[in-house]
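# Inside the fold
What follows is the residue order along each chain.
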Amino acid sequence: MIRLVAMLFSTAMLLLAGAAAVAQTYNPTRWIEYKPNGGRYRVEMPAIPKATTVPVPTGAGTSVPMTEATAVVDRVVYVASYVDYPASVTKNAAADVILTQVRNGSAAGNTWRDEKKLQLGRSEGREYTVVQAGGNVSITRIYWVRGRLYQLVVEGKPGVEQAADTRRFLESFNLVQ
């Protein structure tokens, strides 16, 4: 399971890197509320996001769909995604174990720092910063909610982790029915 979760997050990070080529028009007074059908969450984004669904390998030739929304503004990438994992993949592991493995997978080959544990209602989460070998920084929030992994990522140049727009994006995330 550890290797699988790391592989899944690595796949998500590759998709994030590809999203950097998308250009958006930014207006700081016109953030939008993004609430995807079936996503059971809402988040504010600095531009209209591009929504995609991609298969994430789970091993033995199987995959699960990951749904993500990406907006790129001034070379900063904002991603909100979720993926539902069957119990057979997570083997009913505790949220803390899953979140640790996701963090480890996202930081593989890089350095992570500034981790803090979060609560969203009854669900556990984490926030941490990854300093990539190429110099970019990504700040990530992840939440494990009843078999669903939510990921919020902002990637940009060093300092992006303290930017007002980064904080607005991350702190606007909420679960909805």
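Up top you'll find the structure we're talking about.
Below is a summary of the structure that appears in this document. (Residues numbered from 1 in each chain as written. Predicted model: local features only at pLDDT ≥ 70, side-chain atom pairs only at ≥ 80, totals over all residues. Heavy atoms only, no water.)

### Let's talk about the packing of aromatic side chains
The way to describe two aromatic rings as a pair is by their centre distance and the angle between their planes. The criterion, for reference: Centres within 6.5 Å are what make two rings of Phe, Tyr or Trp a pair, Trp counting through its six-membered ring; a difference in plane orientation under 30 degrees is then read as stacked, over 60 as edge-to-face, and the rest as tilted.
Counted under the stated rule, the structure contains 10 aromatic pairs. Cluster of aromatic residues (ring-pair linked, three or more members): Tyr34, Tyr41, Tyr82, Tyr143, Tyr150 and Phe173.

### What about the environment of Thr140?
As a reminder, the rule being used: Numbering of helices and strands runs from the N terminus, with a helix taken as a DSSP run of H or I at least four residues long and a strand as a DSSP run of E at least two residues long. For every residue, the accessible area obtained with a 1.4 Å probe (protein chains only) is divided by the maximum for its type, and the residue is called buried under 20%, exposed over 50%, and partly exposed between those limits.
Relative to the helices and strands, Thr140 resides in strand β8 (residues 137-145). Overall, Thr140 belongs to the buried group, its relative accessible area being 1%.

### A closer look at unusual backbone geometry
With a phi close to 60°, Arg40 is a non-glycine residue in the positive phi region. Structurally, the position occupied by Arg40 is in the loop between β1 (32-34) and β2 (41-45).

### Quick notes on the sheet that holds β8
What counts is decided by this rule: DSSP bridges decide pairing: two strands pair if at least two such bridges lie between them. Axis definition: a line fit to C-alpha positions, over the contact stretch in the case of helices; interaxial angles, taken between N-to-C directions, run 0 to 180 degrees. Should any heavy atoms of two residues lie within 4.5 Å, those residues are considered in contact.
The sheet built from 7 strands is open, its strands ordered β3-β4-β5-β9-β8-β7-β6 with antiparallel pairing. The open sheet terminates on both sides in strands that have one partner only, identified here as β3 (50-59) and β6 (111-120). Ignoring which end each strand starts from, the neighbouring axes of this sheet average 20° apart. The sheet contacts of helix α3 (residues 95-107) involve β6, β7 (123-131), β8 and β9 (148-156), and relative to β7 the element is tilted by about 15°. Most of the contacts of helix α4 (residues 164-171) go to β8, to which it runs at about 10°, and overall it touches β5 (76-84), β7, β8 and β9.

### Here we look at the sheet that holds β2
The antiparallel open sheet is built from 3 strands, whose spatial order is β1-β2-β10. The open sheet has two free edges, formed respectively by β1 and β10 (174-175), since each of these has just one partner strand. In the sheet, β2 pairs with β10 via 2 bridges, with the strands oriented antiparallel. From the neighbouring strand, Arg42 faces β10, where its bridge partner is Asn174.

### Remarks on the layout of surface pockets
Over the atoms, a rolling probe the size of a water molecule traces out where space has been left empty. For clarity, the threshold we go by: For each structure, a 1 Å grid was placed over the protein atoms alone; sets of points admitting a 1.4 Å probe that cannot get out are labelled cavities, open sets with protein on both sides within 12 Å along at least five of seven lines are labelled pockets, and lining residues have an atom within 4 Å of a point. Grid points are joined across faces, edges and corners, and a volume is the space filled by probe spheres set on the points. For this classification, Asp, Glu, Lys and Arg are treated as charged, while Ala, Val, Leu, Ile, Met, Phe, Trp, Tyr, Cys and Pro are nonpolar and the rest, including Gly, are polar.
In this structure, the second largest pocket spans a volume of roughly 210 Å³. Arg40, Leu120, Gly121, Arg122, Ser123, Val145, Arg146, Tyr150, Leu175, Val176 and Gln177 are the residues that line the second largest pocket. Across the lining of the second largest pocket, the residue classes tally to 5 nonpolar, 3 polar and 3 charged.

### Observations regarding the pattern of salt bridges
Inclusion rule: Criterion for a salt bridge: a side-chain nitrogen of Lys or Arg within 4 Å of a carboxyl oxygen of Asp or Glu.
Following the criterion strictly, the structure yields 14 salt bridges and no others. One salt bridge in this structure joins Glu115 and Arg103, with 2.9 Å as the shortest N-O distance. Separated by 12 residues along the polypeptide, Glu115 in strand β6 and Arg103 in helix α3 bring together distant segments of the chain. Arg167 is paired through a salt bridge with Glu171; the nearest N and O atoms lie 3.5 Å apart.

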